[in-house]
Amino acid sequence: MAPRCLPSLLVFYLCFCRNRADFYVFDDKIGLGRRFDGIGGLSGGGVTSLSLKMNKTRKANCLETYFGASLHILKVEIGGDAQTTDGTEASHMHYEGDENYFRGYEWWLMKEAKKRNPDITFIGLPWAFPGWIGGGESTPYHYPSITASYVVSWIIGAKQFHDLDISYVGIWNEKDFDAKYIKILRETLDRVGLTDVGIIAADGNWDISTAMMLDPSLYGAVEIIGVHYPGTKTVQEALWTQKTLWSSEDYSTFNDDVGGGCWARILNQNYINGRMTSTISWNLVASYYQDLSFGRDGLMTAEQPWSGNYVVESPIWITAHTTQFAQPGWRYLQTVGNFTHGGSYVALTDGKGNLTVIIETMVIIKKKSNHIASFFERSFVSAQTLQMWYSKFDYANSKSTLFKKLPPIKVTEGFFTLSIGVDEVYTLTSVTTGQKGTYPDPPSSTPFPKSYYDDFDVRKNPLPLMKLHTLLTRRVFLKYFQNLTDPGPHVFTLRQIITQQPIAWATDSDHTISIIGDYSWANLTVSCDVLIETANPGGAFVAARVSRGGESVRKAMGVFFFVMANGTYKVTNDIGGKRVLAEGLSGTKAGVWYTLSLTVKGQFAFGMLNGRVLWKDAVVLNPKNGWAAIGTHSFEFGQFDNFKAVVE
């Protein structure tokens, strides 16, 4: 029987064996803990959410399911025209004086999120910057006032053109911070009236904490210390600042049930061990090729726009265990912690009599035993029952139970007991509005079509598959283009428009490249009409069996068929052009349309120019498979039309 406690005391017992009980106490008499700021998802690091936008039916159901998890925060990349992990997001200013606040898909995503949660918090963070920002330098800090104005213009554009209020902005994803720039950014925000927009810094490690303690102006400029992948731990210097602490990017784990269990542990222990009051998952939704970096590292999966298939993964429902029953502005109790034998518990209150307790047992030493948890509560809730939501991971049999509503647990004179097993998550709450909902089954998963054609004519198809599915190493340099100078067959094309090397986040290729298709493709023919717009050293290529994309594209192997404006061609086994398979004269020049065709079968490849064989019998030992691709030799203007890929 539970002992008598003070009215403001909640006593929690956990029994680990028949004759021994460990006691855990919730008590608000000693004061409350930190303010809970919410759980979020991050759409960034390239086109990680892009294909979500493709199919209207799938899109609606997928978004309803996703935001049905009641996310409090949506953090998005401020596009910078450069590779940022799994593709490229468009800048709103490709060059100085250029402003377009309708490029990319993040605007659409934020508006969809706002429809489903009008109170959602928006955050913007640059990964990369267009080259003009640095004036030829590879850093955005060389001209800090220009960079600050560029970032602030994005925030203003969000409100002016989309009625989106950005609450926070970051510095430069996972790069060294610059104190001078942070202070100038704060001054620029204040000068245009954006005093309510807070700065999160530095979206990397904890180093900024020490700098803030030594620099009062920097301390005043930064509202939140945001760190990535902290392992649930905080350094003492960060705590000394007394600033709000966030895990502003976390998770990045394959989204099977093991990943779901990992996420459950992170959500609880980031606060328990690190006093971090918000955790944001990278990424929001795995809506990109699984064979790219960090495949399926999203809260859910939607990587097949051609089929409309999506999968609601376990991390979605683990998120709901917290987000449906506690809102930003609630407070943690100070008496939260880790169980002696593994697992953890947190408790939150809204200060109005509601209580939510989340328990996770992802790490328990005694793996085969169940444990009896006993609670005593009096001051937080007056209800005689608590709602109970339950998840159980069954890794061995793949029969996990996710976010199941169990019968309410009876509270008798403030006392109740609960049997807790291994690899479980419980939410015990006075909140009665939780729901899982039901949605139609998604379409079946199918491979990418083995025969694919796109003429980029937006008149016939306003949303061509390539536009929404192509996961580009530098996606936004390719733009749908109306070629008014060509009255013939190439009026509507895909055009490469970035001519200056961006300030990169990842180690990137010197070439622009767009991949498409299926990574398993082995024997295929890729053809495309190309227009080289730049004289020497301008050029264009088609490719097959491309082994890498995204942040590792610089190391991509495959078969790359280049034609150059100087009248030559080169076939290489790598994108960098060091392993030459064939080369010679092509007669190609700038300003003329050419049809390139590349066929790879078994260990041999051949290429055609305007229907005639230009080279043949090139030996291709590796790779055995990979994507199709198109691109330009450098950052230059170039156009593409009538893309076709046929797999044997």
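If you're wondering where the values come from, they're calculated on a predicted model, not measured in any experiment. Residue positions are counted from 1 within each chain, in the order its sequence is given. A pLDDT threshold of at least 70 governs which residues receive local features in this predicted model, and a stricter bar of 80 or more applies before side-chain atom pairs are shown or counted, although totals over entire chains, interfaces and linings include all residues. With hydrogens and water stripped out, all remaining heavy atoms of the structure feed into the side-chain values.

### Considerations on the overall build of the chain
Phase 1 of the analysis: The helix and strand inventory of the chain stands at 10 helices and 37 strands.
Phase 2 of the analysis: For every residue, the accessible area obtained with a 1.4 Å probe (protein chains only) is divided by the maximum for its type, and the residue is called buried under 20%, exposed over 50%, and partly exposed between those limits. Looking at the chain as a whole, 61% of its 648 residues qualify as buried.
Phase 3 of the analysis: Note on contacts: a residue pair qualifies if any of its non-hydrogen atoms lie within 4.5 Å across the two residues. Pairs at least 24 apart in sequence give 71% of the contacts found in the chain among residues at least 6 apart.
Phase 4 of the analysis: By element, 51% of the accessible surface of the chain is carried by carbon and sulfur atoms, the whole surface being about 24,900 Å². Secondary structure elements follow DSSP: runs of H or I no shorter than four residues count as helices, runs of E no shorter than two count as strands, and numbering proceeds from the N terminus. Working definition of accessibility: Shrake-Rupley area with a 1.4 Å probe, residue cover restricted to the visible protein chains.

### Here's the deal with the environment of R34
Phase 1 of the analysis: With respect to the secondary-structure elements, R34 resides in strand β3 (residues 32-35).
Phase 2 of the analysis: Separated by 243 residues in the primary sequence, R34 and T277 have C-alpha atoms spaced 7.0 Å apart.
Phase 3 of the analysis: Of note is the side chain of R34, whose polar atom sits 3.0 Å from the backbone oxygen of K243. Polar contact is defined as a pair of N or O atoms within 3.5 Å, subject to the rule that within protein one atom must be able to donate a hydrogen and the other to accept it, and that residues adjacent in sequence are counted only when both atoms are side-chain atoms.

### Observations concerning the sheet that holds strand β6 (residues 121-126)
Phase 1 of the analysis: If you walk around this closed barrel you meet the 8 strands as β4-β5-β6-β7-β8-β9-β10-β11, and the pairing is parallel. Strand-to-strand, the axes of this sheet are offset by a mean angle of 30°, without reference to chain direction.
Phase 2 of the analysis: Should DSSP find at least two bridges between two strands, the strands are regarded as paired. Here 5 bridges tie strand β9 (residues 224-228) to strand β10 (residues 244-251), and the two strands are oriented parallel to one another. Looking at β10, one finds that I224 is bridged to T244.
Phase 3 of the analysis: Every angle, taken between N-to-C directions, lies between 0 and 180 degrees, and every axis is a line fitted to C-alpha atoms, over only the stretch in contact when it is a helix. In the packing of helix α2 (residues 106-116) onto the sheet, the strands contacted are β4 (38-43), β5 (73-78), β6 and β7 (166-169), and the crossing angle to β5 comes to about 170°.
Phase 4 of the analysis: Running over the sheet, helix α4 (residues 179-191) touches β7 and β8 (198-204) and is turned about 155° from β8.

### As for unusual backbone geometry
Phase 1 of the analysis: Look at the link from A201 to A202: it is a cis peptide, with omega at 0°.
Phase 2 of the analysis: Note on placement: A202 falls in strand β8.
Phase 3 of the analysis: Following W282, the chain continues into N283 via a peptide bond in cis, with omega recorded as 5°.
Phase 4 of the analysis: With a phi close to 55°, S398 is a non-glycine residue in the positive phi region.
Phase 5 of the analysis: Turning to its location among the elements, S398 is positioned in the loop between β19 (385-392) and β20 (401-410).
Phase 6 of the analysis: Given the relative accessible area of 62%, S398 is considered exposed.

### Here's the deal with the pairing of strand β31 (residues 568-574)
Phase 1 of the analysis: Burial runs high along β31: 5 of the 7 residues are buried.
Phase 2 of the analysis: Summarising the sheet, strand β30 (residues 557-564) and β31 pair through 5 bridges and their orientation is antiparallel. Residue pairing in the sheet places F560 in a bridge with T572 of β31.
Phase 3 of the analysis: Where β31 meets strand β32 (residues 580-585), 5 bridges bridge the pair, whose relative direction is antiparallel. Note that in β32 the partner of Y569 across the bridge is G584.
Phase 4 of the analysis: Remark: 5 residues form the turn of the hairpin made by β31 and β32, two consecutive strands paired antiparallel; G577 in that turn has positive phi of roughly 80°.

### A short note on a nonpolar patch on the surface
Phase 1 of the analysis: Residues M213, L214 and W240 make up a contiguous nonpolar surface patch of about 380 Å² in total accessible area.
Phase 2 of the analysis: Inspection of the secondary structure puts W240 in helix α7 (residues 236-241). Surface patches are defined over residues having more than 30% relative accessible area and no salt bridge, joining like charges when they lie within 9 Å and nonpolar side chains (Val, Leu, Ile, Met, Phe, Trp, Tyr) when within 5 Å. By definition here, a salt bridge exists when the distance from a side-chain nitrogen of Lys or Arg to a carboxyl oxygen of Asp or Glu is within 4 Å.

### Digging into the confidence of the model for the chain
Detailed reading of the predicted coordinates is not advisable wherever pLDDT is low.
Phase 1 of the analysis: Per residue, pLDDT captures the predictor's confidence, and it can take any value from 0 to 100. Summary statistics for the chain give a mean pLDDT of 88 and a share of 87% for residues scoring 70 or more.
Phase 2 of the analysis: Under a pLDDT of 50 for its full length, residues 1-20 has, in the predicted model, 72 contacts with residues more than four places off or in other chains.
Phase 3 of the analysis: Segment residues 463-476 is flagged for pLDDT under 50; beyond a separation of four residues in sequence, or across chains, it makes 80 contacts in the model.

### Points about the environment of L299
Phase 1 of the analysis: With respect to the helices, strands and loops of the structure, L299 is situated in the loop between β11 (278-282) and β12 (301-304).
Phase 2 of the analysis: By relative accessible area, L299 is classed as buried at 0%.
Phase 3 of the analysis: In this structure, the C-alpha to C-alpha distance between L299 and N283, residues 16 residues apart in sequence, is 6.8 Å.

### Describing the packing of helix α3 (residues 144-162) against α4
Phase 1 of the analysis: At their nearest, the axes of α3 and α4 sit 9 Å apart, and the two run at 45° to each other. Comparing the axis directions of α3 and α4 gives the class oblique. As for the relative orientation of α3 and α4, their crossing is right-handed in sense. Two secondary-structure elements touch here, α3 through P144, S145, T147, A148, S149, V151, V152 and I155 and α4 through K180, Y181, I184, L185, T188 and L189. Any angle that falls under 35 degrees is termed roughly parallel, while one over 145 is termed roughly antiparallel, one within 65 to 115 roughly perpendicular, and all others oblique. Two helices that cross are described as forming a left-handed crossing if the nearer one is turned anticlockwise from the farther one by less than a right angle, and a right-handed crossing if clockwise.

### Topic: the side chain of N173
Phase 1 of the analysis: Mapping N173 onto the fold places it in the loop between β7 and α4.
Phase 2 of the analysis: Assessed through its relative accessible area of 1%, N173 is described here as buried.
Phase 3 of the analysis: Beyond its immediate stretch of four places on either side in the chain, N173 contacts L125, P126, W127, D203, H228, E249 and W505.

### Considering the pattern of salt bridges
Phase 1 of the analysis: Evaluated as defined, the whole model comprises 14 salt bridges.
Phase 2 of the analysis: Residue R554 is joined to D510 by a salt bridge in which the shortest nitrogen-to-oxygen separation is 3.5 Å. Of the two residues, R554 sits in the loop between β29 (539-546) and β30 while D510 sits in the loop between β26 (492-496) and β27 (512-516), which places them 44 residues apart along the sequence.

### Side note on helix α8 (residues 257-274)
Phase 1 of the analysis: Look at α8: 25 Å from first C-alpha to last across 18 residues, which is about the 26 Å you get at 1.5 Å a residue.
Phase 2 of the analysis: For α8, the principal kink sits at N268 and spans about 35°.
Phase 3 of the analysis: Most of α8 sits inside the fold, with 14 of its 18 residues counted as buried.
Phase 4 of the analysis: Looking one or two residues past α8, R275 carries a phi angle of roughly 55°, positive in sign. To estimate how far a helix should reach, multiply one less than its number of residues by 1.5 Å. The angle separating two fitted axes, one through the seven residues that finish at a residue and one through the seven that start at it, defines the bend at that residue.

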